[in-house]
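Close look at the chain arrangement
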Amino acid sequence: MKKIAVFASGSGSNFQSIVDEIDSGTLEADVRLLVCDRPGARAKERAEEAGIPVFSFRAKEYESKEAFEREIIRELEEAGVEFIVLAGYMRLIGPTLLEAFGGRIVNIHPSILPAFPGKDAIGQAFDGGVKVTGVTIHYVDAGMDTGEIIAQEAVTVEEDETRESLQRKIQAVEHRLYPATLRDLFRKKVMGRSL
Ligand code: GRF
């Protein structure tokens, strides 16, 4: 069973969808650790409710990204983590973590990349007036949402769509697509590196 860590900064609804699928037996993985960079994040409460250990840190208490990533690596190694799942972690992964876990980090992004990378992808798509947007799961490299694409699913923007309704539709796709893609990855059913 793949031993994973989930990294989240906010609500953690994607983290929850992964935990729920593991609990219901539809995803074979063991969440060894939640890594969280925001002390008040709802994701931390979700981890506590699920009995999953949390490593919580504040970036500003470290002198550099390298320093906190070294500490994260120590925690990951101690927990026996093999694979990292980013789920709303609002930081770029630095060279230190990339070197330690290169090719074993994935992310979810709420657009059809390479369109609308970076922050507020749903707002960018809505304001841009596109008729189709969606969700991407990709490997993580040094860039902002630039790594190799693993899976994508389109979401149609209807005539009467609001930003809020679009967000709800995208989240519903995320909560299904992320666990499903991880399931395939861990069974090596989709293209990608050897894990
Ligand atoms: C999701 O929309 C994800 O695509 C993006 O950040 C959001 C996290 O939401 N990377 P949540 O914390 O999982 O609810």
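Here goes a summary of the coordinates provided. (Residues numbered from 1 in each chain as written. Predicted model: local features only at pLDDT ≥ 70, side-chain atom pairs only at ≥ 80, totals over all residues. Heavy atoms only, no water.)

Once that is clear, we can look at the packing of aromatic side chains. Tallying each qualifying case throughout the model produces 6 aromatic pairs. Ring plane angle 15 degrees and centroid distance 5.8 Å describe the contact between F55 and F57, whose orientation is recorded as stacked. Each member of the pair F55 and F57 is classed as buried. Members of the aromatic cluster, joined through ring pairs, are F55, F57, Y62 and F68. (Phe/Tyr/Trp six-rings, centres within 6.5 Å; stacked < 30°, edge-to-face > 60°. Buried < 20%, exposed > 50% of the residue type's maximum accessible area, 1.4 Å probe, protein only.)

What follows deals with the environment of Y139. Residue placement: Y139 occurs in strand 6 (residues 132-139). Y139 sits 53 residues away from L86 along the chain, and the two C-alpha atoms are 9.8 Å apart. (Helix = DSSP H or I, 4+ residues; strand = E, 2+ residues; numbered from the N terminus.)

All right, on to helix 5 (residues 121-128) then. Listing the buried residues of helix 5 in full gives A121, I122, G123 and A125. Among the structural elements, strand 5 (105-109), strand 6 and helix 6 (163-186) are those in contact with the buried residues of helix 5. (Contact = heavy atoms within 4.5 Å.)

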